[in-house]
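Structural overview
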Amino acid sequence: MPRPPLPQHCPTQRELDDLELLTSGAAAPIRGFNEPGSPLTLSLPDELALHLDEGNEIELVDPEGLPLARVSSVLRGLAVTPLTHAQFGPFRRLYLSPAAVRERYAGRTFVPVTELMTDVQVEQLRGLGPVVLVALVGSGTPAVSPVGLLRAARRVAATIDAAVVAVPLADHGSLADPALRISVLTSYADTDPVVELAYGGHLLPSLADIAATERPRRDEQGLVLFFTGLSGSGKSTLARALMDRLLEQGGRSLTSLDGDVVRRNLSAGLTFSKEDRETNIRRIGWVAAEIARHGGLAVCSPIAPFDQTRQQVRAMVEQAGGAFFLVHVATPLEECERRDRKGLYAKARRGEIPEFTGISSPYEEPADADVRVDTTGRSIEDALADVVLALRAAGYADLTGSADPPTPPQGAPPAADLPPVDPEQVAQRSAQPAGEGQEPGPAGARTATSGARPLRVLFVCTANICRSAYMELRSRSLSGPGSGIEFASAGTHGFNAHPVDRTMAEVLTERGVGNDLVSGFASRPLTDDLIAAADLVLTAEAAHRQFVLEEVPGAFRKAFTLGQFAESVDRVEPHLYGAELVTAVGHRRAGTTDHHEIRDPYRRGKAAAEVSADQIDALLQAVLRRLAVPARTGAE
């Protein structure tokens, strides 16, 4: 009697990348998923996890349904038995196992690559002799798409003595990632040297066409405009009004993915259970991501009450190379219920509609909205102005001049008697700091009024007496008065009111930081309020950034390691500065790598402190020149 087929599961792209590392042997000594301390994890639905716990196997398949491996539960995690490897995909021939690479390229220098290369880096490669360019193409790791990275690496390899190998090493956002990176590179290089690329230089002219494709201007990038809010909040009305404005302007391929329309066409047959509602949102997200992948613009307006699902949609869009612009239509429940044209809230109050958002099911307000709009007592044009100005500030579209003067309805007072819409006031509403009527938003929400207050930069390390203290005081000294930036620092496990570490204070003084700054410093522990108040959070290590995101998950758009931010600023348009720069970098960040880490010099002597200070100084010079907004002349 034939065995019944095994239950199948299609992992996420990151998990598929991890699976390939496991089945090729590149992850050794890690052999399976979910081993203690390993970042290689596999999430399964409850029914499949139970199936494994009962001593059974499941089959992992690719998105096309090709069986790749069998998984079973063992004492230290989930054992993986390979069946086959991915058969198709661009540059699949470059995805070699470590054994094949060692056999073919032994004796060469191995150089990991995650970004389009510069002239300085190519000169460095020429001095290394025969090399292997190890393109790290796993989910979230390369600064461009995997295909773009491989195209660029092969183009460079054709001009020097180099071969190209693709390695699907993903970014897990884990403290174990740096160790995994070293281990995987060692599995390919064996005893041959591994050399990191230097910073600096200018993009190779021969890669300009790839850069243009990979990093289109913001107003040409695929874009998903995602409106979320309670039923009756006005999100569909605002979405339709915005679509009208976009169609009137022309020039973009535009698709509407309205909640009710999608229900009838894409998600027919789904119920209104929590599980089916989330499936509906994910379907919307998948279609929207494909539209963005091809440079189109999608406008979506579901309720989307749960943050986790919204984040899944964001990830789909960004993985497709698009931008995700979140509009929170934050009309209060009381106003939504007062409108209630369909009588849904009344039915929900009577218990006739189970799991109704805002009544018997929660609505999780987004902390990462690009703009927050309350439609209470406002005209459509007035409320839409909030979105239009935020889109312009973020650089995605300028619709401020495309609207005709509104025609008042019959019987309405003449236009002269209506309160005018002041764009500056609208921008200030969107940029209001916490405590003045709205939740703190991302730095980009403040760019419409970038002159209203200084840019707030927060440096973070462990104790706030060594690295972060140096970063704060050195930045103050380098920037000087009138920079338009406020610098502060804190520690993840910081001392309270301690002075700068004695050795680091000596280094600061030797580098021209005044005694008044050094002696006046007092350390402090990191708090959620400090993170929320900052426009930009820069950490010494990836571990500190992870701590920030665990405390305030909504800060992911503004939290970077200092090295990561320094590398990321070169990806965005050179005319962007200050808060606009922070917003742009939030969408085009470099991955975190081991060479971004600023090593802890505490109690390791003067030489270690100076090495740390040298690294910080080099990074700060790259960062501060772009954060300070250039002085504008009166004519401007």
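Residues numbered from 1 in each chain as written. Predicted model: local features only at pLDDT ≥ 70, side-chain atom pairs only at ≥ 80, totals over all residues. Heavy atoms only, no water.

Time to look at the overall build of the protein. A count of helices and strands for the protein gives 23 helices and 16 strands. Each of the 636 residues in the protein was classed as buried or not, and the buried ones make up 50%. Put simply, of all contacts in the protein between residues at least 6 apart along the chain, 72% involve residues at least 24 apart. Entry remark: accessible area of the protein is about 29,200 Å², with carbon and sulfur atoms responsible for 52%. (Helix = DSSP H or I, 4+ residues; strand = E, 2+ residues; numbered from the N terminus. Buried < 20%, exposed > 50% of the residue type's maximum accessible area, 1.4 Å probe, protein only. Contact = heavy atoms within 4.5 Å. Areas by Shrake-Rupley, 256 points an atom, 1.4 Å probe, with all protein chains shown as cover.)

The subject of this paragraph is the nonpolar core. Nonpolar side chains tend to gather and get buried jointly when the protein is soluble and globular. Ranked by size, the top nonpolar core spans 44 residues in total, and within it V457, V500, L538, L562, F565 and L627 carry the most contacts. With 9 residues, the top contributor of residues to this core is helix 23 (residues 606–627). In this view, V500 contacts I465, A469, L473, A505, L508, V518 and F521; residues no more than four positions away in its chain are not counted. (Core = buried A, V, L, I, M, F, W, Y, C linked by side-chain atoms within 4.5 Å.)

Let's shift gears to a negative patch on the surface. On the surface, D528, D529, E550 and E551 cluster together into a patch of negative charge. For the negative patch, the elements supplying multiple residues, two or more each, are helix 19 (528–533) and helix 20 (542–551). Among the structural elements, E551 can be located in helix 20. (Patch = residues over 30% accessible without salt bridge, like charges linked within 9 Å, V, L, I, M, F, W, Y side chains within 5 Å. Salt bridge = Lys/Arg side-chain N within 4 Å of Asp/Glu carboxyl O. Lys, Arg positive; Asp, Glu negative; His and termini not counted. Charge placed at Lys NZ, Arg CZ, Asp CG, Glu CD.)

Moving on, we get to the sheet that holds strand 1 (residues 8–9). Reading across the sheet, the 4 strands line up as 1-2-3-4 and stay open at both edges, with mixed pairing between neighbours. At either end of the open sheet lies a strand with only one pairing partner, and these are strand 1 and strand 4 (77–82). For strand 2 (residues 57–61) and strand 3 (residues 67–74), the ladder comprises 5 bridges, and the chain directions are antiparallel. By the bridge assignment, E57 is partnered in strand 3 with S72. Against the sheet, helix 1 (residues 13–24) engages strand 2, strand 3 and strand 4, with an angle of about 70° to strand 4. (Pairing = 2+ DSSP bridges. Axes fitted to C-alpha atoms, helices over the stretch in contact; angles between N-to-C directions.)

Our next topic: the environment of L399. Counting through the fold element by element, L399 comes out in the loop between helix 14 (380–394) and helix 15 (423–431). As a C-alpha pair, L399 and E248 span 151 residues in sequence and 9.6 Å in three-dimensional space. Excluding residues that lie within four positions of it along the chain, L399 makes contacts with L242, R245, L246, Q249, V388 and L391.

What follows is about unusual backbone geometry. Backbone torsion omega between A28 and P29 reads 15°, so that peptide bond is classified as cis. Counting through the fold element by element, P29 comes out in the loop between helix 1 and helix 2 (46–53). The backbone phi angle of E355 is positive, close to 50°, even though this residue is not glycine. Relative to the assigned elements, E355 resides in the loop between helix 13 (344–349) and strand 12 (371–373).

Each pair of packed helices can be summarised by the angle the axes make with each other and by the distance between the axes. At a closest axis distance of 10 Å, the pairing of helix 16 (residues 467–479) and helix 23 adopts a crossing angle of 45°. Considering their axes alone, helix 16 and helix 23 lie oblique with respect to each other. The way helix 16 lies across helix 23 gives a crossing that is right-handed. Residue-level inspection shows R467, Y470, M471, R474, S475, L478 and S479 of helix 16 in contact with helix 23, the latter providing S612, A613, I616, D617, L620 and L624. (Parallel < 35°, antiparallel > 145°, perpendicular 65-115°, else oblique. Left-handed = near helix turned anticlockwise from the far one by under 90°.)

A few words on the sheet that holds strand 11 (residues 323–329). For sheets, the rule is that strands pair by backbone hydrogen bonds, running either parallel or antiparallel. Pairing is parallel across the open sheet formed by 5 strands, whose spatial order is 9-10-8-11-12. One side of each edge strand has no neighbouring strand; the edge strands of this open sheet are strand 9 (254–257) and strand 12. Averaged over all pairs of adjacent strands, the angle between strand axes in this sheet comes to 20°, irrespective of strand direction. Pairing analysis gives 3 bridges linking strand 11 to strand 12, with the strands arranged parallel. From the neighbouring strand, V329 faces strand 12, where its bridge partner is V373.

Here the focus is the packing of aromatic side chains. Per the counting criterion, the structure on display carries 5 aromatic pairs. A centroid spacing of 6.0 Å and a plane angle of 85° characterise the contact between F325 and Y396, whose relative ring orientation is edge-to-face. Linking F325 in strand 11 with Y396 in the loop between helix 14 and helix 15, this pair joins segments that are 71 residues apart in sequence. Ring geometry for F459 versus F487: centroids 6.1 Å apart, planes at 15°, classification stacked. Of this pair, F459 sits in strand 13 (residues 455–461) while F487 sits in strand 14 (residues 485–491); the two residues are 28 residues apart in sequence, bridging distant segments of the chain. Neither residue differs from the other here; F459 and F487 are each classed as buried. One cation-aromatic arrangement involves R92 over Y95; the distance from NZ or CZ to the ring centre is 4.1 Å. (Phe/Tyr/Trp six-rings, centres within 6.5 Å; stacked < 30°, edge-to-face > 60°. Lys NZ or Arg CZ within 6 Å of the ring centre and 35° of its normal.)

Turning next to the confidence of the model for the protein. In the predicted model, the protein carries a mean pLDDT of 85, and 89% of its residues have values of at least 70. Counting interchain partners and residues more than four positions distant, the pLDDT-below-50 stretch residues 405–451 has 56 contacts. Between residues 632–636, whose pLDDT stays under 50, and residues either more than four places distant or in other chains, the model counts 1 contact. (pLDDT = per-residue confidence, 0-100.)

Quick look at the state of the cysteines now. Under the defined criterion, the tally for this structure stands at 0 disulfides. You can see C466 has no disulfide; the closest cysteine sulfur is in C461, sitting 6.8 Å from it. (Disulfide = S-S within 2.5 Å.)

We now examine helix 11 (residues 307–319). One turn of the α-helix equals 3.6 residues, which is why residues spaced by three or four share an orientation. In this model, helix 11 (13 residues) spans 18 Å end to end at C-alpha, consistent with the 18 Å of a helix rising 1.5 Å per residue. Regarding helix 11, the residues found buried are T309, R310, V313, R314 and V317. The buried residues of helix 11 all sit within an arc of 145° when viewed along its axis, so they share a single face. The inward-facing, buried residues of helix 11 contact strand 8 (223–228), helix 10 (274–293) and strand 11. (Expected span 1.5 Å × (residues − 1). Arc of directions from axis to C-beta.)

Tracing the backbone through its elements, the reader meets A79 in strand 4. Along the sequence, A79 and R31 sit 48 residues apart, while their C-alpha atoms lie 7.0 Å from each other. Once you skip the residues sitting within four places of it in the chain, A79 turns out to touch R70, V71, S72 and V74.

Burial of strand 6 (residues 131–136) is extensive: 6 of the 6 residues sit out of reach of the surface. Neither face of strand 6 is open: one carries V131, L133 and A135, the other V132, V134 and L136, and all of them are buried. Across 5 bridges, strand 5 (residues 109–113) lies against strand 6 in parallel orientation. Looking across to strand 6, one finds that V113 is bridged to A135. A crossover connection joins strand 5 to the parallel strand 6 through helix 4 (residues 119–126); in handedness this β-α-β unit is right-handed. In this fold, strand 6 hands off to helix 5 (residues 146–157), which returns the chain to strand 7 (residues 162–167); that crossover is right-handed. (Right-handed = clockwise from strand over helix to strand, strands pointing away.)

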